[in-house]
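Chain and residue survey
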Amino acid sequence: MRILVISDVHANLTALEAVLISADPFDAVWCLGDLVDYGPDPNECVERIRSLPNLTCIIGNHEAAVLGMLPDESFNSDARKSARWTHLHLNESNREYLLNLPECLTIDIATLAHGSPRFPIWEYILDTWTATENFESFNTQLCLVGHSHIPVAFFSSEPDGEIVWSLLKHESILQLDGRAILNPGSVGQPRDGDPRASYAIFEPEKNTWQNFRVDYDIKGVQKRIIKAGLPRNHAIRLASGA
Ligand code: ZN
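Rules behind the numbers
- Positions within a chain are numbered from 1, following the residues in the order the chain's sequence is written.
- Local features in this predicted model are restricted to residues whose pLDDT is 70 or higher, and side-chain atom pairs enter the listing and the counts only when it is 80 or higher, whereas totals over whole chains, interfaces and linings include all residues.
- Note: side-chain values were computed over all heavy atoms of the structure, leaving out hydrogens and water.
- The secondary structure listing takes helices from DSSP runs of H or I that are at least 4 residues long and strands from runs of E that are at least 2 residues long, numbered from the N terminus.
- Only C-alpha atoms enter the radius of gyration; for comparison, a globular chain is expected to reach 2.2 Å times N to the power 0.38, where N is the number of residues.
- Burial status follows relative accessibility: with a 1.4 Å probe on protein chains alone, a residue under 20% of its type maximum counts as buried, one over 50% as exposed, and anything between as partly exposed.
- Contacts between residues were defined by any pair of non-hydrogen atoms, one from each residue, lying within 4.5 Å.
- Surface exposure here means Shrake-Rupley accessible area, sampled with a 1.4 Å probe, where a residue is shielded only by the protein chains that are shown.
- Here, strands pair whenever DSSP counts at least two bridges between them.
- Orientation is described by lines fitted to C-alpha atoms, with helices fitted over the stretch in contact, and by angles between N-to-C directions that extend from 0 to 180 degrees.
- What makes a nonpolar core is a set of buried Ala, Val, Leu, Ile, Met, Phe, Trp, Tyr and Cys residues whose side-chain atoms join them at distances within 4.5 Å.
- Each metal site lists N, O and S donors within 2.8 Å (3.2 Å for Na, K and Ca). With water left out of the atoms, a site can look as if it is missing ligands.
- Irregular is the default label, applied whenever a site is not tetrahedral (four donors, all angles between 85 and 135 degrees) and neither square planar nor octahedral (four or six donors, opposite donors over 155 degrees apart, all other angles between 65 and 115).
- Note on definitions: salt bridges are taken to be side-chain nitrogens of Lys or Arg within 4 Å of carboxyl oxygens of Asp or Glu.

Let us look at the overall build of the protein. Check the secondary structure of the protein and you find 8 helices and 12 strands. For the protein, the C-alpha radius of gyration of 17 Å lies close to 18 Å, the compact-globule estimate for 242 residues. Summarising its shape, the C-alpha atoms of the protein cover approximately 55 × 35 × 30 Å along the three principal directions. Taking all 242 residues of the protein together, 56% fall into the buried category. Sequence-distant contacts in the protein: of pairs separated by 6 or more residues, those separated by 24 or more amount to 72%. Element-wise, carbon and sulfur atoms account for 52% of the exposed surface of the protein, whose accessible area totals about 10,400 Å².

Spatially, β4-β5-β6-β10-β7-β8 is the arrangement adopted by the 6 strands of the open sheet, whose pairing is mixed. Looking at the sheet topology across the chains shown, the edges are occupied by β4 (104–107) and β8 (163–167). With direction set aside, neighbouring strand axes in the sheet form an average angle of 20°. Pairing geometry for strand β6 (residues 142–144) and strand β10 (residues 180–183), over 3 bridges, is parallel. Opposite Leu-142, over in β10, you have Ala-180 as the bridge partner.

Below, the discussion takes up the nonpolar core. Counting 46 residues, the largest nonpolar core has Leu-4, Ile-6, Leu-98 and Tyr-199 as the members making the most contacts within it. Broken down by element, this core gets its largest block of residues, 6 residues, from helix α1 (residues 13–23). Once residues within four sequence positions are removed from consideration, Tyr-199 is found in contact with Leu-4, Val-5, Ile-6, Val-19, Ser-22, Ala-23, Pro-184, Gln-210, Asn-211, Phe-212 and Val-214. Counting 20 residues, the second-largest nonpolar core is a separate cluster that includes Leu-32, Leu-112, Leu-144 and Ala-180.

Our next topic: the coordination of the zinc ion. The textbook angles at a metal center are 109.5 degrees for a tetrahedron of four donors and 90 or 180 degrees for an octahedron of six. Every protein donor of the zinc ion is listed here as Asp-8 (OD), His-10 (NE2), Asp-34 (OD) and His-149 (NE2), and their distances to the metal cover 2.0 to 2.2 Å. Taken together, the 4 donor atoms coordinating the zinc ion span angles of 84 to 171° at the metal, a pattern that classifies the geometry as irregular. When the donors of the zinc ion are listed by position in the chain, the intervening gaps give D-x1-H-x23-D-x114-H. With Asp-8 in the loop between β1 (3–6) and α1 and His-149 in the loop between β6 and β7 (152–156), this residue pair connects regions lying 141 residues apart in the sequence.

Further remarks concern the pattern of salt bridges. Counting across every chain of the model gives 8 salt bridges. The shortest N-O distance in the salt bridge between Arg-48 and Glu-17 comes to 3.0 Å. Residue Arg-48 is found in helix α2 (residues 42–50), and its partner Glu-17 is found in helix α1; the two are separated by 31 residues along the sequence. A salt bridge links Glu-203 to Lys-206, with the nearest nitrogen and oxygen atoms 3.4 Å apart. Overall, the relative accessible area of 15% leaves Glu-203 in the buried class. Sharing partners across several salt bridges, the network here consists of Arg-118, Glu-123 and Glu-133.

Keep in mind these numbers describe shape, not what the thing actually does.
Here you go:
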């Protein structure tokens, strides 16, 4: 079984379609939130994700902000502008779908949470200290998170069990022998210095997690962001992936 794990699509349909072509074939999709905001295609991305086979999807902080479930004061002014733009453009059906997504859930051997299992909506796992604390907040072998837009794995090292981390590069394969917190990176708004769309393939029978990067038409998406009247910065940063 090949499970496509995606996160932080951020309304970038061109990047999402490139990922779906690159990852094919897959049997199920696990989506870790932030389907919308920043990009020009919120409805198209929600509808495309809703159509995917055996989908499991959770809510991210951007859905929560766009839908008014979370004050957007923690956002900078560009992020506030795009959250308001997305709020105005989302249709009723997609709004309803996003409103009903769970914050956190367990499926098979994995816990899914957008930010962290401890604080699913807002906490970033960016260091081993935060990761170590979060290992106590889930009971499964694996915890899959997004939010930081950085493809990374946190796991315990031998022999002392200390939590260590590893950035995941294109095609790097992890053999999942013990517990781990894994992040597939961002489809539509990468922030690890590599502008290509990021995703992962999880194969439970083989116990492997493999990260992939795929090129897409960044210039085309930048033009559409600007044409839509969204903040220029959301277009500019796509080129650097930072
Ligand atoms: Zn995000």
